[in-house]
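Chain and residue survey
Read off the chains here:
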Amino acid sequence: MTLQDALFDFEKKLGNEYNIFKGNLLSDAVKSQLSTDFNAFLFGLISDQSTKAEIAWSLPWNLKERLGHFDMRRIADMPVTDLENILKTKPALHRYPGNIAKYLHRAANMILNNYDGMAANIWTGQTATETIKRLEDFSGISHKKAALGTYLLVRDFDVDFPDKDAINIAYDVHIRRIFLNAGFVETDTLPNVTAAAQEIYPEFPGRLTNIFWALGRDICRPTWPLCPQCPIRDFCKKNKTETPTTLF
């Protein structure tokens, strides 16, 4: 069995357990909005930081409920302070309502001014490379989140990019820990981790994101990692009797 085989077997066992759109983390109403309104998808992606994923991706729906609409023009025209107050009204819709309000307000304006009011125009007819660059233009979207968003478009929304090899693994804390512990990289840097992922699965390295994230969350943990349960233990380049690096 190759490393790819072991990873993809683990992916099959995961099923939809960690799939934010197809699992049980979100309500049916939230999932329906995200799958039919890509402006909501973009707002969820922007909000997916420093809070639980289910809180971040539910934010567009909860914002719609509080506003009584999800109209980009009306959101763009409202004062940022008003948007912030709506986000921080208890129960707050995000841990950092001030920053998120600014990001979402700018996003609404960019969607209107650059993409005819539809976030789907960011990627429709585009390559993955161009889509990642466009997503990075939005405040609150780092390269990591741009890569994640592009990967989610392929995995969950059947967007068919011709250059899936350009969609890299997300530079996530769990992923970084595994790549160090397994010896896939010698030092933790974005170029090193993404290059290693490209070597593991050059056709579509972004597909490895969810697999390694789940491994890091449940098995290759910061303390007391469950090495005997690890599906890729035979490919770990460090001595399996050696105590894995404890970090992050």
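The coordinates are above.
Computed from a predicted model, the values in this text were never measured in an experiment. All residue numbers refer to positions counted from 1 along the written sequence of the respective chain. Given that the model is predicted, a residue must reach a pLDDT of at least 70 before its local features are reported, and side-chain atom pairs must reach 80 or more before they are shown or counted; all residues, however, enter totals for whole chains, interfaces and linings. Hydrogen atoms and water are omitted, and side-chain values are computed over all heavy atoms in the structure.

**Examining the state of the cysteines**
Keep this limit in mind: Put simply, a disulfide is two cysteine sulfurs that come within 2.5 Å.
In this structure the tally under the stated criterion is zero disulfides. Considering cysteine sulfurs only, Cys227 is the nearest to Cys220, which forms no disulfide, with 6.6 Å between them. Counting only cysteine sulfurs, Cys227 is the nearest neighbor of Cys236, a cysteine outside any disulfide, at a range of 7.0 Å.

**Side note on helix H7 (residues 97-115)**
Note the following rule: Helix and strand assignments follow DSSP, with helices taken as H or I runs no shorter than four residues and strands as E runs no shorter than two, numbered in order from the N terminus. Expected span of a helix: the number of residues minus one, times 1.5 Å.
The end-to-end C-alpha distance of H7 is 25 Å, a good match for the 27 Å that 19 residues give at a rise of 1.5 Å each. Positive phi appears at Asp116, one or two residues downstream of H7, with a value of about 55 degrees.

**Observations regarding the environment of Leu83**
This is how the line gets drawn: Each residue is assigned to one of three classes by its accessible area relative to the maximum for its type, calculated with a 1.4 Å probe on protein chains only: buried under 20%, partly exposed between the two thresholds, exposed over 50%. Residues are treated as being in contact if the distance between any of their heavy atoms lies within 4.5 Å.
Mapped onto the secondary structure, Leu83 falls in helix H6 (residues 80-88). Accessibility expressed as a relative area gives 0% for Leu83, which makes it buried. Residues Leu83 and Val154, 71 residues apart in the sequence, show an inter-C-alpha distance of 31 Å. Those residues within four positions of Leu83 in sequence are excluded, and the remaining contacts are Leu63, Ile75, Met78, Ala101, Leu104 and His105.

**A short note on the side chain of Gln33**
Along the chain, Gln33 falls in helix H2 (residues 28-36). Discounting chain neighbours no more than four positions away, the residues touching Gln33 are Ala40, Pro60, Trp61, Lys64 and Phe70.

**So, the pattern of salt bridges**
How we decide: For salt bridges, the criterion is a side-chain nitrogen of Lys or Arg within 4 Å of an Asp or Glu carboxyl oxygen.
For the structure shown, the criterion picks out ten salt bridges. Between Arg207 and Glu11 there is a salt bridge whose closest N-O contact spans 2.7 Å. Placement of Arg207 in the loop between helix H11 (190-200) and helix H12 (208-218) and of Glu11 in helix H1 (residues 3-14) is noted, with a sequence separation of 196 residues between them. You can call Arg207 partly exposed: its relative accessible area is 25%. Residue Asp160 is joined to Lys164 by a salt bridge in which the shortest nitrogen-to-oxygen separation is 2.9 Å.

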